[in-house]
Amino acid sequence: MPDDTPLSRNLLIIGGAEDKVGRVTILRRFVRLAGGRKSSLVIIPTASSVPDEVVDVYGTIFSRLGSATVDSVDPPTRQASSDPDLVATIDRATGVFISGGNQLKLSQLIVGTPLGAALQRAYQRGAVVAGTSAGASIMSTFMISMGDEGVTPRQRSSQLTAGLGLLPGVIIDQHFDQRARYGRLLSLVAGSPNLLGMGIDEDTAAEIQDERTMTVVGSGAVFVVDARAATTDAHLARRDAPLLVSGATVHTLPLGATFDLETATLTSFDENYADASIASSRDRHDTATAAAALHH
């Protein structure tokens, strides 16, 4: 009899600069979600200015982690995203990895094309879709394509562009703590309080199942801001003025946290699991330092 159990849909949204030389925890998780040794992976390096290098680095890591096949898809133009061969490559994949770089390039070349539709189909049929940095931002319906950095939210400090729409109801920012992007995320949810703001630290990922259940992977945290009940002057403030945002609910979620994106509530936290990650992070740092020393 056929199995009528619905497939779970998985996103792995990475804040950038994930570990590539130590335990590679996040990348290992991606390969496992995609099927491990049975996985068929596709790298999309389109956002990067050095796509060949991106494919080489991630392809080597994914192969070392046991993936059966690793291909790449890199449309040079929007018209190329209609290429049946590129679409077919995505249609065969059990996992798709979108690299960092310029997210506006991803929107211009992929969103709204047959290749973009293939990514949506892949996600709906159960292939895991992962993205780091720019590849993280493109996951949402509306993505941050540019904006000022800093802690204070200001009017018109950011710009939204169409994304892939795999995670509706959320705006994603990356390199979050490292580049002080609190202000621009707050300014955007102040203007669109129906959307949750999600900021993801480097070497950290939000693993999201069925657009609802989020668990945190990696050495940093995921910041979630809910402004649905907040008071704001976003409709009145002049350009570049500091914004009033009062009453927003903020969640800072490290490894060990599970969060419900539909209700915007913490569902569980495993403190022992989180504490264990500190040792792993130190080991990763020591490994990276040793690797760097070999080049001097």
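Everything below is about the structure shown above.
Residues numbered from 1 in each chain as written. Predicted model: local features only at pLDDT ≥ 70, side-chain atom pairs only at ≥ 80, totals over all residues. Heavy atoms only, no water.

(A) Region of the structure containing the nonpolar core. Membership of the largest hydrophobic core comes to 47 residues, with the highest contact counts inside it found for Leu11, Ile13, Ile44, Ile90, Met198, Ile208 and Met214. Here this core gets five residues from one element, more than from any other, and that element is helix α5 (residues 114-124). Aside from chain neighbours lying at most four places away, what touches Ile44 is Val73, Ile90, Val96, Phe97, Ile98, Ser99, Ile110 and Leu119. (Core = buried A, V, L, I, M, F, W, Y, C linked by side-chain atoms within 4.5 Å. Buried < 20%, exposed > 50% of the residue type's maximum accessible area, 1.4 Å probe, protein only. Helix = DSSP H or I, 4+ residues; strand = E, 2+ residues; numbered from the N terminus. Contact = heavy atoms within 4.5 Å.)

(B) Region of the structure containing the pattern of salt bridges. Applying the stated criterion across every chain yields a total of 10 salt bridges. Note that Glu18 and Lys20 form a salt bridge whose closest N and O atoms lie 3.4 Å from each other. Residues Arg181 and Asp173 are paired through a salt bridge, measuring 3.7 Å at the closest nitrogen-oxygen approach. One exposure class covers both Arg181 and Asp173, and it is buried. One network of salt bridges, with partners in common, ties together Glu149, Asp173, Arg181 and Arg184. (Salt bridge = Lys/Arg side-chain N within 4 Å of Asp/Glu carboxyl O.)

(C) Just helix α7 (residues 182-191), in detail. With eight of 10 residues buried, α7 is to be regarded as a mostly interior element. All of the buried residues in α7 are Gly183, Arg184, Leu185, Leu186, Ser187, Leu188, Val189 and Ala190.

(D) Quick peek at the packing of aromatic side chains. Evaluated as defined, the whole model comprises eight aromatic pairs. An aromatic cluster is defined as three or more aromatic residues linked by ring pairs; in this entry it consists of Phe30, Tyr58, Phe62 and Phe97. (Phe/Tyr/Trp six-rings, centres within 6.5 Å; stacked < 30°, edge-to-face > 60°.)

(E) Region of interest: the sheet that holds strand β15 (residues 249-254). Taken together, the four strands give an open sheet; going across it, the order is β8-β9-β12-β15, and neighbouring strands pair in mixed fashion. The outermost strands of the open sheet, each flanked by one partner alone, are β8 (170-174) and β15. Between one strand and the next, the sheet's axes are offset by a mean angle of 20 degrees, whatever the strand orientation. Where strand β9 (residues 196-200) meets strand β12 (residues 221-226), four bridges bridge the pair, whose relative direction is antiparallel. Bridge pairing links Gly199 to Phe223 in β12. (Pairing = 2+ DSSP bridges. Axes fitted to C-alpha atoms, helices over the stretch in contact; angles between N-to-C directions.)

(F) Region of the structure containing the pairing of strand β16 (residues 257-260). Neither face of β16 is left uncovered, since the one carrying Ala257 and Phe259 and the one carrying Thr258 and Asp260 both have all their residues buried. In terms of strand pairing, β16 meets strand β17 (residues 265-269) through four bridges, oriented antiparallel. Looking at the pairing, Asp260 lines up with Thr265 of β17. Connecting β16 to the antiparallel partner β17 that follows it, the hairpin turn spans four residues, and Ala264 within it adopts a positive phi of roughly 55 degrees.

(G) Representation of the side chain of Thr46 within the structure. The topology assignment puts Thr46 in the loop between β2 (40-44) and α2 (51-64). When neighbours within four sequence positions are excluded, Thr46 is seen to be in contact with Val73, Asp74, Pro75, Lys105, Leu106, Leu109 and Ile110.

(H) Geometry of α2. In a regular helix each residue adds 1.5 Å, so 14 residues correspond to 20 Å; α2 covers 20 Å between its end C-alpha atoms and thus fits that length. When we look at burial in α2, the residues that qualify are Pro51, Val54, Tyr58, Gly59, Ile61 and Phe62. For α2, the angular spread of the buried residues around the axis is 165 degrees, confining them to a single face. More than 90 degrees from the buried face of α2, the exposed residues found are Asp52, Glu53, Asp56 and Arg64. The elements touched by buried residues of α2 are α1 (25-33), β2, β3 (69-72), β4 (95-98) and β5 (128-132). Positive phi appears at Gly66, one or two residues downstream of α2, with a value of about 105 degrees. (Expected span 1.5 Å × (residues − 1). Arc of directions from axis to C-beta.)

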